[in-house]
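An overview of the molecular structure
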Amino acid sequence: MKNTVTQQEIDNLFEKAEKNIMTVFDKCLIMSVQLENGFVITESSACVEPSNFDKEIGIEICTERIKNKLWELEGYKLQCLLNK
C-alpha cells in the first residue's frame with residue numbers, strides 16, 4: 001500500500017468533480033465542488049468593492065482552497081487506511 005498522497009491525485013479529484021460557480025452581490029464568488037463520491041466542498045472569495053471584483057481571481061482562490069481541503073481529506077483517509 002502506498003503511503004503518500006500526490007499532487008496528481010489531488011488534481012485528478014478536482015478535475016473529475018462537478019463544479020458550480022456563481023457570483024453573488026456583484027462582489028462574491030462561491031464555488032461548490034461535488035466529488036465523484038457525492039461529497040461536497042464549498043468555498044468563497046469576496047472583495048469589499050464590486051468594482052474590484054474579478055471572477056477569474058475568485059476562481060483561482062477558491063480552487064486553491066478546495067485543493068487544500070482535498071489534501072487534508074485525502075491525508076486523513078490515507079492515515080486511516082495505514083492504521084488498520
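Our subject is the structure listed above.
Predicted model only: the values in this text are computed from it and were never measured.

In this section: the layout of surface pockets. Taken as a whole, the largest pocket encloses approximately 210 Å³ of empty space. Contributing to the lining of the largest pocket are Leu13, Leu35, Glu36, Asn37, Phe39, Leu70, Leu73, Glu74 and Lys77. At four residues, helix 2 (residues 55–82) tops the list of elements feeding residues into the lining of the largest pocket. Looking at the lining of the largest pocket residue by residue, the class counts come to five nonpolar, one polar and three charged.

Moving on: the environment of glutamate 60. Of note, glutamate 60 is situated in helix 2. Given a relative accessible area of 56%, glutamate 60 falls into the exposed group. Taking the C-alpha atoms as reference points, glutamate 60 and asparagine 83, 23 residues apart in sequence, are found 35 Å from one another.

Our focus in this paragraph is the pattern of salt bridges. Throughout the structure, instances matching the rule amount to four salt bridges. For aspartate 11, the salt bridge identified is with lysine 67, shortest N-O distance 3.0 Å. Remark: lysine 67 occurs in helix 2 and aspartate 11 occurs in helix 1 (residues 7–16); sequence separation between them is 56 residues. The class for aspartate 11 is partly exposed, based on a relative accessible area of 22%. Glutamate 74 is the salt-bridge partner of lysine 77, the closest N and O atoms lying 3.2 Å from each other. On the criterion of helical spacing, the pair formed by lysine 77 and glutamate 74 is a turn pair, its members being three residues apart in helix 2. On the basis of relative accessibility, which here comes to 19%, the residue glutamate 74 falls in the buried class.

Basis of the calculations
- Residues numbered from 1 in each chain as written.
- Predicted model: local features only at pLDDT ≥ 70, side-chain atom pairs only at ≥ 80, totals over all residues.
- Heavy atoms only, no water.
- 1 Å grid on protein atoms, 1.4 Å probe; cavity = no way out; pocket = protein on both sides within 12 Å on 5 of 7 lines; lining within 4 Å.
- Points joined across faces, edges and corners; volume = space filled by probe spheres on them.
- Helix = DSSP H or I, 4+ residues; strand = E, 2+ residues; numbered from the N terminus.
- Nonpolar A, V, L, I, M, F, W, Y, C, P; charged D, E, K, R; others polar.
- Buried < 20%, exposed > 50% of the residue type's maximum accessible area, 1.4 Å probe, protein only.
- Salt bridge = Lys/Arg side-chain N within 4 Å of Asp/Glu carboxyl O.

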